[in-house]
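Read off the chains here:
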Amino acid sequence: MTKKIISKRIISLMLVAALSFSVTACTSVGTGSTISGNDTGTEITSGDSSKTEDSDASSDNSSGDAADDSSNTANVTSGGILDITDFFSDRDLEMEADTSDAETIALKDGEDITITDEGVYIISGSAENVTIYVEADDTAKVELLLDGATITNDSMPCIYVKSADKVFVTTGDSESTLSVTGEYEADGDTNLDAVIFSRSDLTLKGTGTLNIESTDNGISGKDDLKVTGGTYNISCSGSAVEANDSIRIADGTVNIEECNDGLHAENDEDDSQGFIYICGGSLNISAADDGVHGTSVVQIDGGNFDITAAEGIEGTYVQINDGTINISASDDGINAANKSSAYDVTAEFNGGNITIEMGQGDTDAIDVNGNLYINGGTIDITAQSPFDYDGTVEKNGGTLIINGEETEEITNQFMGGPGGGMGGMKGQDGNFPGGGMNGDGTTPPSGGMNGDGTTPPSGGMNGDEGRTPPSGGMNGDENFPGGGMKGGRGGRNTEATTETTTE
């Protein structure tokens, strides 16, 4: 059984009544406890069960000893699609933990650690198959200070937050490494799938480096997940950083390699959640699918981004107000798509320096299944298809550079009309070069023809008879001796639409 040691020390807790919306930092908290281990693990409890209750608008502080020498601020701005007034607390932005009353835990192979009370806990040493469990009540704030800690597990998270009001994972002035090398085990109905797995609000901060290696996700938060400082090197097969309600980044360096998604926020039960807010830091993302994916909103107010992915940034409402963003993508550079019923599909550019380079083929630098607004900033696009939008387009300001030339014109790129679009393979007689027809009967650059050389009125073709099937494409019946399967895409039309307004 796990041994429980109750501290004989009682720490008097004092509230710092300094509610501030200026997001300056304050101190972290410590409560007294003693630690003892045995062959089956360690459980840590405090002799004082009093807690503080406060929201993220407050200091997240229950200690009267303020230490402002490592304070930080967040570059939050007002007037965006999100109300970000209370997004970061003072304690979120405090990079150094208050260790005056902290407890120290030395890692040992095979000995799990269970933390049940509020406090600051220093984790050091190296061990295999160890999980740090946080099982505190719903008003407790727990801070884990990683001081050169290394944990390598076969199948369980290195840090598993089952319950707490909020947990801070702070990197000290050192390098720590957390790894899971095998297939994750479930915890009852809970699908554990990340090196750091939290059911409560989670903040990552500090001055050191944390390396994370995973066979699935890197860091997973089931509520809000914040990054306000530190350096994180993440390699995984799933999402590097994922959360249900939100991902909020104020500062820090996040390096992501060989993951499926970089940042992914999605709430299956409430599609108004699952947003991403970034106002600072550096993100270097290499991902197989999405670099940054927010189901509802992606709002960027600052930061430096270097993204290589199939899709660079995706959300229902994508708003970029500032920042330096470099995207290299093979599908869509920035994609505003209908993922959430709570927001209109929109891409809005108000500031920042955005550079997008697209691969060859059916790719769009900025793909909007709704409205597109360019009000400020610089957008530099290298692509065959710079824009693809379905709704209103307005250019009210900013600088737009397309393939090296500055322009005021926003072109719309799309496939052919309703009757055609997809081409066919050539039939038995070899007289079908491939490609489809547009719905209006025009021939795109690689468009196809009827077997007799005529152009069908609504796209597609039959074999040697030249009949037009009802909805475009090709018939594979007895009238087409060659069978004729559907082939590659037909040519792409470019319609230069100048629905822009300039001030």
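Residues numbered from 1 in each chain as written. Predicted model: local features only at pLDDT ≥ 70, side-chain atom pairs only at ≥ 80, totals over all residues. Heavy atoms only, no water.

Undergrad: Help me out: how do you make sense of the environment of Thr-355 in this one?
TA: Tracing the chain through its elements places Thr-355 in strand S24 (residues 346-358). The exposure class of Thr-355 is partly exposed, given its relative accessible area of 27%. Between the C-alpha atoms of Thr-355 and Asp-306, which are 49 residues apart in sequence, the distance is 9.7 Å. Not counting the four nearest positions on each side in its chain, Thr-355 is found in contact with Ile-325, Asn-326, Ile-327 and Asp-380. (Helix = DSSP H or I, 4+ residues; strand = E, 2+ residues; numbered from the N terminus. Buried < 20%, exposed > 50% of the residue type's maximum accessible area, 1.4 Å probe, protein only. Contact = heavy atoms within 4.5 Å.)

Undergrad: Honestly, the environment of Met-358 in this entry has me stumped. Any pointers?
TA: With respect to the helices and strands, the residue Met-358 is situated in strand S24. Looking at Met-358, the relative accessible area reads 11%, which means it is buried. The sequence separation of Met-358 and Asp-332 amounts to 26 residues, and the corresponding C-alpha distance is 7.7 Å. Not counting residues within four places of it along the chain, the set of residues in contact with Met-358 comprises Ala-329, Ser-330, Asp-331, Asp-332, Gly-333, Thr-363, Asp-364, Ala-365, Thr-382 and Ala-383.

Undergrad: Hey, could you run me through the pattern of salt bridges in this one?
TA: Any two side chains of opposite charge can pair, so long as their charged atoms come close to each other. Tallied over the full model, the rule gives 10 salt bridges. Note that Arg-91 and Glu-143 form a salt bridge whose closest N and O atoms lie 2.9 Å from each other. Of this pair, Arg-91 sits in the loop between strand S2 (42-44) and strand S3 (103-106) while Glu-143 is found in strand S7 (residues 141-153), placing the two residues 52 residues apart along the sequence. Judged by its relative accessible area of 0%, Arg-91 is buried. Close ionic contact of Asp-187 with Lys-162 constitutes a salt bridge, the shortest N to O distance being 3.6 Å. Of this pair, Asp-187 sits in the loop between strand S10 (175-180) and strand S11 (194-198) while Lys-162 sits in strand S8 (residues 159-163), and the two are 25 residues apart along the sequence. (Salt bridge = Lys/Arg side-chain N within 4 Å of Asp/Glu carboxyl O.)

Undergrad: What is the right way to look at the side chain of Lys-166 in this model?
TA: Relative to the elements of secondary structure, Lys-166 occurs in strand S9 (residues 166-171). Judged by relative accessible area, Lys-166 falls into the buried class, the value being 2%. Polar contacts involving the side chain of Lys-166 include one to the side chain of Asp-92, which spans 2.8 Å. (Polar contact = N/O pair within 3.5 Å; in protein donor to acceptor, adjacent residues only side chain to side chain.)

Undergrad: Even after reading the chapter, I still don't get the confidence of the model for the protein, so can you show me in this structure?
TA: Any residue range with low pLDDT should be treated as having predicted coordinates unsuitable for detailed reading. In this model, the protein carries an average pLDDT of 78, and 67% of its residues clear a pLDDT of 70 or more. Every residue in residues 45-57 is under pLDDT 50, and counting partners more than four places away or in other chains gives 48 contacts. Across residues 414-503, confidence stays below pLDDT 50; counting only partners more than four residues off in sequence or on other chains, it has 184 contacts. (pLDDT = per-residue confidence, 0-100.)

Undergrad: Please clarify how the packing of aromatic side chains should be interpreted in this entry.
TA: A complete count under the given rule lists four aromatic pairs for this structure. Judged by centre distance (5.6 Å) and plane angle (20°), the ring pair of Phe-87 and Phe-275 falls under stacked. Of this pair, Phe-87 sits in the loop between S2 and S3 while Phe-275 is found in strand S21 (residues 275-287), placing the two residues 188 residues apart along the sequence. Classification of Phe-275 as buried rests on a relative accessible area of 9%. An angle of 80° between the planes, with centres 5.7 Å apart, marks the rings of Tyr-160 and Phe-197 as edge-to-face. Linking Tyr-160 in strand S8 with Phe-197 in strand S11, this pair joins segments that are 37 residues apart in sequence. Across this residue pair, the class does not change: Tyr-160 and Phe-197 are buried. A connected cluster of aromatic rings, assembled from ring pairs, spans Phe-87, Phe-275 and Tyr-277. Over the ring of Phe-87 we find Arg-248, and its NZ or CZ is 4.2 Å from the ring centre. (Phe/Tyr/Trp six-rings, centres within 6.5 Å; stacked < 30°, edge-to-face > 60°. Lys NZ or Arg CZ within 6 Å of the ring centre and 35° of its normal.)

Undergrad: Quick question: what am I supposed to make of the side chain of Ser-296 here?
TA: Examined against the element boundaries, Ser-296 turns out to sit in strand S22 (residues 290-320). Excluding residues that lie within four positions of it along the chain, Ser-296 makes contacts with Asp-271, Ser-272, Gln-273, Gly-274, Phe-275, Gly-315, Thr-316, Tyr-317, Ser-340 and Tyr-343.

Undergrad: What is the right way to look at the pairing of S10 in this model?
TA: When a strand is regular, its side chains alternate between the sheet's two faces. Of all six residues in S10, five are buried; the element is thus mostly enclosed. Relative to S10, S7 runs parallel, the two being bridged by four bridges. Across the sheet, residue Asn-153 finds its bridge partner in S10, namely Val-180. Relative to strand S13 (residues 209-213), S10 is paired through five bridges, and the arrangement is parallel. Bridged to Ser-179 within S13 is Glu-213. (Pairing = 2+ DSSP bridges.)

Undergrad: Help me understand the nonpolar core in this model?
TA: In globular proteins that are soluble, nonpolar side chains generally tend to be buried together. The biggest cluster of nonpolar side chains holds 87 residues, and the ones touching the most others in it are Leu-263, Ile-313, Ile-334, Phe-349, Ile-366, Leu-372 and Phe-387. Looking at which element gives the most residues to this core, the answer is S22, with nine residues. Leaving out residues up to four positions away in the same chain, Ile-366 has contacts with Ile-334, Phe-349, Ile-356, Leu-372, Ile-379, Ile-381, Pro-386, Phe-387 and Asp-388. (Core = buried A, V, L, I, M, F, W, Y, C linked by side-chain atoms within 4.5 Å.)

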